[in-house]
Amino acid sequence: MLPTLGDLELDTLDISSNELTGPIPTLPKTLSYLDLSQNNLSGRLPSDTEGLMLQQLLLFNNSLSGSIPCSLLQSQQLEILDLSNNMLHGTLPNCPLGYRTSNITTLNLNSNNLLGPFPMFLQRCRKLILLDLAYNNFSGSLPAWIGSRLPQLALLRLRSNKFYGGIHGKLSRMKGLQYLDIACNNISGNIPESFTALTLGPNASGALLNLFHSRFVAYAIFYNYYSDSLLVDTKGQHIEYTSGIAYMVNIDLSCNGLTGQFPSEIGMLVALKNLNLSWNSVSGIMPQSIGELRALESCDLSHNELSGEIPASLSALTSLSRLNLSYNNLTGTIPSGNKLRTLDDQASIYIGNPGLCGPPLTRSCSGTDKTILVPKEHESMSDMVSFYLSTCVGFVVGLWIVFCGFLFKRKWRVACFSFSDHFYDGVYVEVGVGWASLARKTRRG
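Conventions used here
- Every chain begins its residue count from 1, and numbering advances along the sequence as written.
- Residue-level local features of this predicted model are given only where pLDDT is at least 70; pairs of side-chain atoms are given and counted only at 80 or more, and the full residue set underlies all totals for whole chains, interfaces and linings.
- Working from all heavy atoms in the structure, the side-chain values ignore hydrogens and water.
- When DSSP finds two or more bridges between a pair of strands, those strands are recorded as paired.
- We count a stretch as a helix when DSSP gives it H or I for four or more residues in a row; a strand needs E for two or more, and each element gets its number in order from the N terminus.
- Interaxial angle, 0 to 180 degrees, is taken between N-to-C directions of lines fitted to C-alpha atoms, where a helix line uses only the stretch in contact.
- The patches reported here contain residues having more than 30% relative accessible area and no salt bridge. Joining distances are 9 Å for like charges and 5 Å for nonpolar side chains (Val, Leu, Ile, Met, Phe, Trp, Tyr).
- Computed by Shrake-Rupley with a 1.4 Å probe, the accessible areas treat only the displayed protein chains as cover when residues are assessed.
- By convention in these notes, a salt bridge is any Lys or Arg side-chain nitrogen within 4 Å of a carboxyl oxygen on Asp or Glu.
- Classification of residues uses two cut-offs on accessible area relative to the type maximum, computed with a 1.4 Å probe and protein chains only: under 20% is buried, over 50% is exposed, and between them is partly exposed.

S.K.: Talk me through the sheet that holds strand β7 (residues 80–82); I want residue IDs and the actual numbers.
M.R.: Strands sit in the order β1-β3-β5-β7-β9-β11-β13-β15-β19-β21-β23-β25 across an open sheet of twelve strands; the sheet is parallel. Only two strands of the sheet have a single neighbouring strand rather than two, namely β1 (12–14) and β25 (322–324). Taken pair by pair, the neighbouring strands of this sheet meet at an average axis angle of 10°, ignoring direction. Two elements, β1 and strand β3 (residues 33–35), share three bridges in a ladder whose sense is parallel. What sits directly across from Thr 12, in β3, is Tyr 33.

Below is the structure:
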């Protein structure tokens, strides 16, 4: 259990990754950096934070419960707040009596039990760069003001909540956004035609990269938490990008109800590294411009309604290491290329597309396998000709078999001729008797 800290004059306190238990004690007024992450602390968050000089507060991976107080969210000095992986619940307050602006640049609340609409108090956080609300129970539509009130936002994770409605055009045009993850919600409508913000690389937009190299994060475990261990969900599994989330350019819209055409301007996102649109109802064809995504490392378009042929330009993506096009309506020949042939689990990439042919599938693209469509009237005529032809052939073959049997089997001939003679005699007698009887009746009459 932590002792009372209120009487100490501390600027920095890092006692993370221990086995500390109990509630969070009263904090020193002079404290600017506090890291109590990865312990087993319980109880509520401190509400008496007025007057504190805290600039960074890291409490992730604990057992803290209760709601998040306004006094913490509207602390004027606070820049980085990480409360992820706790048991916090309730709605986030609007804090109407707080300051009109906030200095928060990083807010991580993922993996709690928070609910309610998209937090309104974030409209004051114009310096916000990183926002992670994933794995909660937030609901409602995504507000249009995200694009205008959060101009510096570079990372937005809303995965596994209950958000619904469409993706507003202002969100897709945010000029600093380089990481967007709204997977596993109830988002519907079309995919915006242009995510023009993601045409910039991380070195060009710079906000996320600068955050991780700032004087505040240089000595924080928070840097390692995000830059070395962020899991990106793609191709049905979690992929760890150890090169750093600060360099990651990502769009993950998977597991929603998106419809409409595949974005024709996808080739503009030249810095994109991960694209995941799986488990939606996206239709249309894959444009040739997808070959312009030279930085693309992972692409999952599975479980949609894409049609047409796979663009040959896909084989030019030399950085591609993961691809999934399964369960669509794709047709034609699978493009050849050295890079596509080196991808793992080749057959599963294209499974569920009965119109595809060529390696690595067993279905050949030769002319003998192609189906030729014949008009219905031609089909009926062809069937009639086939019927008469088969009847004639059957008659001739049967007659030839009988003739050959009589020719080589003497007993067959004797039996056949005896039968015919007896039959002829019987018929002759019956006809003769009948005719004589008819003649007598005629004469009497």
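S.K.: Which residues make up the sheet that holds strand β27 (residues 355–357), and what are the values?
M.R.: Strand pairing in a sheet is mediated by backbone hydrogen bonds. Such pairs are either parallel or antiparallel. Ordered in space as β22-β24-β26-β27, the four strands form an open sheet in which the pairing is parallel. Each end of this open sheet is capped by a strand with a single partner; those strands are β22 (283–285) and β27. Looking at each pair of strands side by side, their axes are set apart by 25° on average, direction ignored. Direction of pairing for β22 relative to strand β24 (residues 305–309): parallel, over a ladder of three bridges.

S.K.: Got a sec to walk through a nonpolar patch on the surface? Specific residues and values, please.
M.R.: A cluster of nonpolar residues, Leu 389, Val 393, Val 397 and Ile 401, forms a patch on the protein surface that exposes about 370 Å² of accessible area. Along the polypeptide, Ile 401 turns up in helix α9 (residues 376–408).

S.K.: Residues and numbers for the pairing of strand β4 (residues 40–43), please.
M.R.: Alignment of strand β2 (residues 21–22) against β4, held across two bridges, turns out to be parallel. By the bridge assignment, Thr 21 is partnered in β4 with Asn 40. The pairing of β4 with strand β6 (residues 63–66) spans two bridges and is classified as parallel. Residue pairing in the sheet places Gly 43 in a bridge with Leu 64 of β6.

S.K.: Outline the pairing of β6, listing residues and values.
M.R.: Looking along a regular strand, one sees side chains alternate from face to face of the sheet. Every second residue of β6 is oriented toward a common face, the buried set being Leu 64 and Gly 66 and the non-buried set Ser 63 and Ser 65. Of the strand pairs in this sheet, β6 and strand β8 (residues 87–91) are connected by two bridges, and their pairing is parallel. Residue pairing for β8: Gly 66 is matched across the bridge by Leu 88.

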